[in-house]
Amino acid sequence: MASGAHTVAVIGAGKIGELMLSGLLRSGWPVERLLATARRPSRAEELTARYGVRVVDNLVAVDEAEVLAISVKPQDAATLLDEIGPKVPADKLVVSLCAGLPTSFFSRRLPDGTPVVRVMTNTPALVDEAMTAISAGAHATGEHLALAEEMFKPLGATLRVPESQQDAVTALSGSGPAYFYLLVEAMIDAGILLGLPRQVAHELIVQTAIGSAVMLRDSGEHPVKLREAVTSPAGTTISAIRELENHGVRAAMLAALEAARDRARELAAQAD
Ligand SMILES: NC(=O)c1ccc[n+]([C@@H]2O[C@H](COP(=O)([O-])OP(=O)(O)OC[C@H]3O[C@@H](n4cnc5c(N)ncnc54)[C@H](OP(=O)(O)O)[C@@H]3O)[C@@H](O)[C@H]2O)c1
């Protein structure tokens, strides 16, 4: 299944769908092998103006594309599938980007035997640094997974996970960028509290975040090791860490990600 031969339709090209379109185009995917659908005419015009991509009705996309990448909000998925589900030939690959929705949600609404792959990506796709987790649903073969990987590799890293892990993935890497932004925001505020101009605090913290992330990725060291290297006895860092522990930051992180996982499950239950 080589990508060159495939037309991908991004069904419901909102924020994540647009990230996918732009990433595929940056990677050299031919624009004539891409289609998009939108609910509002103004959104359709925006996508065509920005990317030169052909925006068509959902049913035209189903007819013309070999891969249907579903990127509507989970609560809109049932309505969309009521419209397109019965019209999808069972040899098309359906790739779901919808947080929380199991592949069985799609399989129940698609002709028997339609391969479904579930994907959870994240917004750093915009700078080709996404983390995308990919799972096979019923009828999805190794070839289908490889095709999904080919579509998401240009956007960053990819990882195959069992579908049972996808709600946890949603909580960790799907929502993950928001936690880092919140942390950076709080650290910039702290810089202001300490008397730094906002711009200086911003520059210091953003570069520190980038440097720390690159070290985490490239050194192969455990985060504890990296943290210990900055934490000298009776020094400044350990004073800060005592406060973080006193304020329950670690426990808050555990509870927060559990809440995100639970919300993914709730959204899936509501969508059904
Ligand atoms: N945002 C993230 O960081 C993130 C990360 C990982 C996964 N996801 C998942 O990605 C999916 C999309 O999220 P998003 O943030 O990109 O949402 P979004 O910006 O609202 O995009 C969804 C788009 O689908 C359109 N749409 C809805 N029903 C449609 C239909 N029947 N036919 C054609 N278009 C339709 C919407 O139109 P309107 O503009 O008219 O509403 C909207 O433009 C969600 O399932 C989410 O769980 C998001």
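Residues numbered from 1 in each chain as written. Predicted model: local features only at pLDDT ≥ 70, side-chain atom pairs only at ≥ 80, totals over all residues. Heavy atoms only, no water.

Chemist: Got a minute to help me understand the site of the ligand in this structure?
Modeler: Contacts to the ligand come from 21 residues, most closely from Ile-16, Arg-39, Arg-40, Val-72 and Ala-99. Note that an oxygen atom of the ligand is positioned 3.4 Å from one of the backbone N or O atoms of Gly-12. For the ligand, an oxygen atom lies 2.9 Å from a polar atom in the side chain of Arg-39. A total of 880 Å² of accessible area belongs to the ligand in isolation, and the protein chains cover 83% of it. It is helix α4 (residues 74–84) that contributes the most residues to the shell around the ligand, three residues altogether. Grouping the amino acids of the shell around the ligand by side-chain chemistry returns nine nonpolar, seven polar and five charged. (Near = heavy atom within 4 Å. Polar contact = N/O pair within 3.5 Å; in protein donor to acceptor, adjacent residues only side chain to side chain. Areas by Shrake-Rupley, 256 points an atom, 1.4 Å probe, with all protein chains shown as cover. Helix = DSSP H or I, 4+ residues; strand = E, 2+ residues; numbered from the N terminus. Nonpolar A, V, L, I, M, F, W, Y, C, P; charged D, E, K, R; others polar.)

Chemist: How should the pattern of salt bridges be read in this particular structure?
Modeler: Oppositely charged side chains can pair when the atoms bearing their charge come close. Overall, the coordinates contain 17 salt bridges when judged by the stated rule. Here Arg-43 makes a salt bridge to Glu-18, at a shortest N to O gap of 2.7 Å. Here Arg-43, found in helix α2 (residues 41–51), pairs with Glu-18, found in helix α1 (residues 15–26); they are 25 residues apart in sequence, far enough to count as distant. Between Arg-160 and Glu-149 there is a salt bridge; the shortest N-O distance is 2.7 Å. (Salt bridge = Lys/Arg side-chain N within 4 Å of Asp/Glu carboxyl O.)

Chemist: I keep staring at the packing of aromatic side chains and nothing clicks. Help me out?
Modeler: The description of two aromatic rings rests on the distance between their centres and on the angle between their planes. All chains considered together, the criterion is met by one aromatic pair. Pairing Phe-105 with Phe-106 gives two aromatic rings, centres 5.3 Å apart and planes at 75°, and the pair type is edge-to-face. A cation over a ring is seen here: Arg-109 above Phe-105, with NZ or CZ 3.9 Å from the ring centre. (Phe/Tyr/Trp six-rings, centres within 6.5 Å; stacked < 30°, edge-to-face > 60°. Lys NZ or Arg CZ within 6 Å of the ring centre and 35° of its normal.)

Chemist: What's the story with the nonpolar core in this structure? I'm lost.
Modeler: In summary, soluble globular proteins display a tendency toward joint burial of nonpolar side chains. With 29 residues, the main nonpolar core has Val-8, Met-20, Leu-21, Val-95, Val-117, Met-151 and Phe-152 as its most contacted residues. Taken together, the elements giving at least two residues each to this core come down to β1 (8–11), α1, β2 (34–37), β4 (67–70), β5 (93–96), β6 (116–120), β7 (130–136) and α6 (142–152). For this core, the element with the most residues is α6, which contributes five residues. If near-sequence neighbours (up to four positions away) are discounted, Val-117 is found in contact with Leu-93, Val-94, Val-95, Ser-96, Thr-103, Ile-134, Ser-135, Gly-137, Ala-140, His-144, Leu-145 and Ala-148. (Core = buried A, V, L, I, M, F, W, Y, C linked by side-chain atoms within 4.5 Å. Buried < 20%, exposed > 50% of the residue type's maximum accessible area, 1.4 Å probe, protein only. Contact = heavy atoms within 4.5 Å.)

Chemist: Looking at this structure, how should I read the domain arrangement of the protein chain?
Modeler: Think of interface size as the accessible area that goes away when the parts come together; that is how it is often given. Under the domain assignment, the protein chain is made up of domain 1 (8–166) and domain 2 (175–268). A C-alpha centroid distance of 32 Å is found between domain 1 and domain 2. Taken together, the two surfaces of domain 1 and domain 2 that pack against each other cover about 460 Å², and 63% of this comes from carbon and sulfur. Its salt-bridge partner being Arg-217, residue Glu-129 comes within 3.8 Å of it at the nearest N-O pair. Viewed at the interface, domain 2 and domain 1 are joined by zero residue pairs in polar contact (both at pLDDT 80 or more). Considering only residue class, the side of domain 1 that touches domain 2 consists of three nonpolar, three polar and one charged. (Domains from an automatic or database assignment. Buried area = accessible area lost by both parts, 1.4 Å probe.)

Chemist: I would appreciate a short explanation of the UniProt feature "domain: Pyrroline-5-carboxylate reductase dimerisation" (unreviewed entry) in the protein chain in the present structure.
Modeler: If you check UniProt for "domain: Pyrroline-5-carboxylate reductase dimerisation" (unreviewed entry), the listed places come out as residues 163–267 in our numbering. Helix makes up 81% of residues 163–267 and strand makes up 0%, while its end C-alpha atoms are separated by 16 Å. (UniProt positions renumbered as here; feature names shortened; annotations may be inferred.)

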